[in-house]
Amino acid sequence: MPLLDISNLVTAFHTPAGRVPAVDGVSLSIDRGKTLGLVGESGCGKSVTAMSILRLVSAPGVIESGSILLDGPGGPVDLVSLPEPQLRKVRGGRIGMIFQEPMTSLNPVFTVGDQVAEAVLLHQGCSREAARARALEMLRLVRLADPERRLDEYPHQLSGGMRQRVMIAMALACEPDLVVADEPTTALDVTIQAQILDLLADLRRRLGTAILLITHDLGVVAETCDEVAVMYAGRIVERAPAEKLFRRPLHPYTIGLLAARPDPDAMATRADGTTVRPRLTTIPGMVPSPQHFPPGCRFHPRCGYAHGRPGPDGPACDGGVPELRELEPGHFVRCHYAGSLGEPHAVGALST
Amino acid sequence: MTSPAPDPLVVVTDLETHFPIRRGLLRRRVGEVRAVDGVSFSIGRGQTLGLVGESGCGKTTVGRSVLRLVEPTAGTVSIAGQDLRPLGGAALRRFRRRMQIVFQDPYGSLNPRMNVRQILEEGLIIHGMGDAAGRMERMTAALDRTGMPAVAMARYPHEFSGGQRQRIAIARALVLEPEFLVLDEPISALDVSIQAQVMNLLVDLRERLGLTYLFISHDLSAVDYVADEVAVMYLGRIVERAPAATLRLEPLHPYTIALLSAVPSVDVRRRRRRIVLTGDVPSPARPPAGCRFHTRCPVAEAVCREIDPPATSVGDHLVHCHIAARELERCGGNAGAAAEIMAATVAAAAPTPVD
């Protein structure tokens, strides 16, 4: 069985305005030593999915149903129902965490060495000296410059890239089987992002850690992940090996996301020196709020391929919820018409 | 020196903006952050200059200094032939109508206590533009240009999404009928699907209204798409400047080469070797001697640690790098050939990435 197997996860927030299902039936699995990229725009539920794995969703959020099986030596355990004391051993132990903003995730009043050593002390019950030695070893592993000196420094004395290296050192200190990295490079500059992505790839290869990489950046996923899951409005809409997804995306949302980036190959320079800029393909409208998810396929109001009426080929897009179908081996799509989309039409005018 | 753009609207010469570092009880000046340290460029009427660089390189300070939202320490800025430096008080305020700015964060840049009408009308009232009916006409037109309905006027910023707020911020700039817009990371806070909408809008507006842009961003592919010419900044200086396609295809500066290689791409065909720079950007309070990039440059030599590289240019391509200058000379000024050699040299010298 896979290392982590999430099935039909539903996490909802019970607000005064009503129930908000941020994660609405997500199924995912990650094999040992593999990297799964979970991509989507803000509000799609990708971070809530990550928080649910660690059961760190805070009130009024509740995991309502589903299971999150983590395989281990004694057989799989369900993180959804695992008692809190055992869960605490999993968090930071078998599952490491890296968050987007290293400044707010590190404690400003403890030294870097203390924070990395704390993880080791908590989970491996060794002596202070041994924990400190392990912390130093970890800082070396993440290629932090001048690790002996950094051990006694505070987070504010480090740059953003260095802090993210410390976060990674903490996440890996207990040799976890899985690291959940939520937008680990979003706050960093591109040259520093390149350093961190390289480091993660290297560590994964050397330590065999599986990674769940959550990001909005398709480029980051394309360069680092084995498999990709695209999330939209609380659901997985497409899942495939990275190579397949980027070569031939099948869901209209994924197609739209990939087409929305400027393509340098499509630009040309006119004889007078001015530039020919083909208009960027856009996804009209905006991501729906979880309080007002549209019926049927949640992407249909923004989809240029949506069908307004049931036909011989399939149902209406605003009717039945499409299933996640395996269209090609290993390539899953939640769209009634994926594979035979036809020509796009103006959005809002559902074709019949 | 490069030849100035034909009919330049904006001419910036040797711009410096330094911020004092004060310490102690008496707030004595103990140093300065040289945020912008000798930047020159010009932007032709109707053209867009893209300014790229990583955080702390000074690109935002350039934008603000050009509009005199922060006071430059030295250098000159002239817009439409008017030197901005001697302008003070009322004269500067009058001139500001002609140059506007759109900020990165559409959540922070719109006053939450004002409705959209008040937000748009404020500038018109300050500049005495039109009577009530005339103002309404201008505001409706500005909203329409940015794809917002006139009914938006009665609503407040919190009622809009990030993309819509950015449209309102653009409408606020347009309502004064400016000639020149500074766009400071206008799409960075938006989702991918919304970024494309705003980029299309900016390109349309420039063509319809003949606007001139200074487009500031850390996103190389966005700058490449919107701008005619691109300038790359590092630690307060422009290190390379060229027409957008030239910069993308034939970068000469090792920093530009590394920056372009570091942008993650979804294009499997375009996959190239990532050049990973070591270390962090040094503090602009203590910039390194010689070439400021030498501490992270894979191909730096002794001369780079000592002498600040002067500008070398081939046609409209300008670069500040000793090594690139030498290669350009060896290639007899053939920038394409020199760029190829630079790319190979930098890739060979950069620490091998692990995969």
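Residues numbered from 1 in each chain as written. Chains lettered and ligands numbered in written order. Predicted model: local features only at pLDDT ≥ 70, side-chain atom pairs only at ≥ 80, totals over all residues.

Quick look at the overall build of chain B now. Within chain B, the secondary structure is distributed over 12 helices and 12 strands. A globule of 355 residues ought to have a C-alpha radius of gyration of about 20 Å, and chain B, at 22 Å, matches this closely. Counting only C-alpha atoms and orienting by the principal axes, one finds that chain B spans roughly 65 × 55 × 45 Å. In chain B, which comprises 355 residues, the share counted as buried stands at 47%. Counting only contacts in chain B whose residues sit at least 6 apart along the sequence, the fraction spanning at least 24 positions is 64%. (Helix = DSSP H or I, 4+ residues; strand = E, 2+ residues; numbered from the N terminus. Rg over C-alpha atoms; globule rule 2.2 N^0.38 Å. Buried ≥ 20, exposed ≤ 12 C-beta atoms within 10 Å, placed from the backbone. Contact = placed C-beta atoms within 7 Å.)

This part takes up the overall build of chain A. Scanning chain A for helices and strands turns up 11 helices and 14 strands. Computed over its C-alpha atoms, the radius of gyration of chain A comes to 22 Å, within 12% of the 20 Å expected for a compact globule of 352 residues. Overall, chain A is about 70 × 60 × 40 Å in size when its C-alpha atoms are taken along their principal axes. When contacts within chain A are restricted to residue pairs at least 6 apart in sequence, long-range pairs at least 24 apart make up 64% of them.

Attention now moves to the sheet that holds strand β1 (residues 4–15) of chain A. Residues and elements named next belong to chain A. Overall, antiparallel pairing links the 4 strands, which are arranged β2-β1-β4-β5 in an open sheet. Of all strands in the sheet, those with a lone pairing partner are β2 (18–30) and β5 (77–78), marking the two edges. Of the pairings in the sheet, the one linking β1 to β2 comprises 10 bridges and is antiparallel in character. Its bridge partner being in β2, Ala12 is matched across the sheet by Pro21. Docked against the sheet, helix α1 (residues 46–53) engages β1, β2 and β4 (61–70), running at close to 70 degrees with respect to β2. (Pairing = 2+ DSSP bridges. Axes fitted to C-alpha atoms, helices over the stretch in contact; angles between N-to-C directions.)

Attention now moves to the packing of helix α3 (residues 116–126) of chain B against helix α4 (residues 132–145) of chain B. All names here are of chain B. Across the interface, α3 lies against α4 with an axial gap of 10 Å and an inter-helix angle of 120 degrees. On the basis of the axis angle, α3 is oblique to α4. For the pair α3 and α4, the crossing hand works out as right-handed. Across the interface between the two elements, Arg117, Leu120, Glu121 and Leu124 of α3 pack against Arg135, Arg138, Met139 and Ala142 of α4. A per-class count over the contact of α3 with α4 returns 4 nonpolar, no polar and 4 charged. (Parallel < 35°, antiparallel > 145°, perpendicular 65-115°, else oblique. Left-handed = near helix turned anticlockwise from the far one by under 90°. Nonpolar A, V, L, I, M, F, W, Y, C, P; charged D, E, K, R; others polar.)

Nonpolar side chains tend toward joint burial in soluble globular proteins. Ranked by size, the top nonpolar core spans 208 residues in total, and within it A:Val116, A:Val166, A:Ala169, A:Leu212, B:Leu214 and B:Val232 carry the most contacts. The contact partners of B:Leu214, leaving out residues within four places of it in the chain, are B:Ile43, B:Leu49, B:Leu51, B:Gly63, B:Val66, B:Val182 and B:Leu183. (Core = buried A, V, L, I, M, F, W, Y, C linked by C-beta atoms within 7 Å.)

Next up on the list: the packing of α3(B) against helix α5 (residues 162–174) of chain B. Residue and element names in this part refer to chain B. As a packed pair, α3 and α5 sit with axes 8 Å apart at the nearest point and diverge in direction by 25 degrees. What the angle tells us is that α3 and α5 run roughly parallel. The handedness of the crossing between α3 and α5 is right-handed. Counting all contacts with α3, which are made through Val116, Ile119, Leu120 and Gly123, the residues of α5 involved are Ile168, Ala171 and Arg172. Residues that form the contact of α3 with α5 fall into these classes: 5 nonpolar, 1 polar and 1 charged.

Residues and elements named next belong to chain B. The strand order across the open sheet built from 4 strands is β2-β1-β4-β5, with neighbouring strands paired in antiparallel fashion. A strand with exactly one partner marks an edge of an open sheet, and here the two such strands are β2 (28–44) and β5 (82–83). Across 5 bridges, strand β1 (residues 8–23) lies against strand β4 (residues 74–79) in antiparallel orientation. Residue pairing in the sheet places Val11 in a bridge with Ser78 of β4. Of the strands in this sheet, β1, β2 and β4 touch helix α1 (residues 59–66), which is tilted by about 115 degrees from β1.

Residue and element names in this part refer to chain B. Listed in full, the buried residues belonging to α3 are Val116, Ile119, Leu120, Glu121 and Leu124. In this structure, the buried side of α3 is in contact with α4 and α5. Residue Gly128 follows α3 closely and has a positive phi angle near 60 degrees.

The next thing to look at is helix α12 (residues 335–349) of chain B. Residues and elements named next belong to chain B. Here α12 spans 21 Å end to end across 15 residues, near enough to the 21 Å set by a 1.5 Å rise per residue. Along α12, the residues classified as buried are Ala335, Ala338, Ala339, Met342, Ala343 and Val346. End-on view of α12: buried residues confined to an arc of 140 degrees, all on one side of the axis. What points out from α12, more than 90 degrees from its buried face, is the exposed set Gly336, Ala344 and Ala348. Considering only its buried residues, α12 is in contact with α9 (254–262), β11 (312–314), β12 (317–319) and α11 (322–330). (Expected span 1.5 Å × (residues − 1). Arc of directions from axis to C-beta.)

Looking now at the interface of chain B and chain A. Contact with chain B, which involves 38 residues of that partner, is made by 40 residues of chain A. Broken down by secondary-structure element, the contributors of at least two residues to the side of chain B that touches chain A are α6 (192–209), α7 (220–226), α8 (244–249) and α9 of chain B. Top element by residues in the side of chain B that touches chain A is α6(B). It accounts for 9 residues. Of the residues that constitute the side of chain B that touches chain A, the class distribution is 20 nonpolar, 10 polar and 8 charged.

Turning our eyes to something else, we now look at the pairing of strand β7 (residues 178–182) of chain A. Residues and elements named next belong to chain A. Among the 5 residues of β7, 5 are classified as buried, and the element is accordingly described as predominantly covered. Burial along β7 is two-sided: the residues Leu178, Val180 and Asp182 and Val179 and Ala181 are all buried. Across 4 bridges, strand β6 (residues 95–98) lies against β7 in parallel orientation. By the bridge assignment for β7, Met97 is matched with Val180. Taken together, the 5 bridges between β7 and strand β8 (residues 210–215) define a ladder with parallel strand orientation. By the bridge assignment, Asp182 is partnered in β8 with Ile214. The handedness of the β7 to β8 crossover, carried by helix α8 (residues 190–207), is right-handed. (Right-handed = clockwise from strand over helix to strand, strands pointing away.)

Right, let's talk about the confidence of the model for chain B for a bit. Residues of chain B with pLDDT of at least 70 account for 96%, and the chain-wide mean is 90. Scoring of the predicted complex yields 0.87 for pTM and 0.82 for ipTM. (pLDDT = per-residue confidence, 0-100.)

If you trace the backbone, B:Glu32 turns up in strand β2. The residues contacting B:Glu32, other than those within four sequence positions of it, are B:His18, B:Phe19, B:Pro20, B:Ile21 and B:Ala285.

When you line up the elements, A:Gly311 lands in the loop between β12 (275–276) and β13 (325–328). Measuring from C-alpha to C-alpha, the distance between A:Gly311 and A:Ser65 comes to 34 Å, with 246 residues separating the pair along the chain.

A cis geometry characterises the amide bond from A:Ala59 onward to A:Pro60, with omega recorded as 5 degrees. Along the chain, the position of A:Pro60 falls in the loop between α1 and β4. The backbone of A:Glu175 sits at a positive phi, close to 50 degrees, despite the residue not being glycine. Tracing the sequence through the fold places A:Glu175 in the loop between α7 (160–172) and β7. Phi at B:Leu235 takes a positive value of approximately 45 degrees, unusual for a residue other than glycine.

This next bit is on the pairing of β4(B). Residue and element names in this part refer to chain B. Where β4 lies against β5, 2 bridges are found, and the strand directions are antiparallel. In the strand pairing of β5, Ile79 is matched with Gln82. A loop of 2 residues connects β4 with β5, the two strands running antiparallel in sequence, and Ala80 in this loop sits at a positive phi of about 50 degrees.

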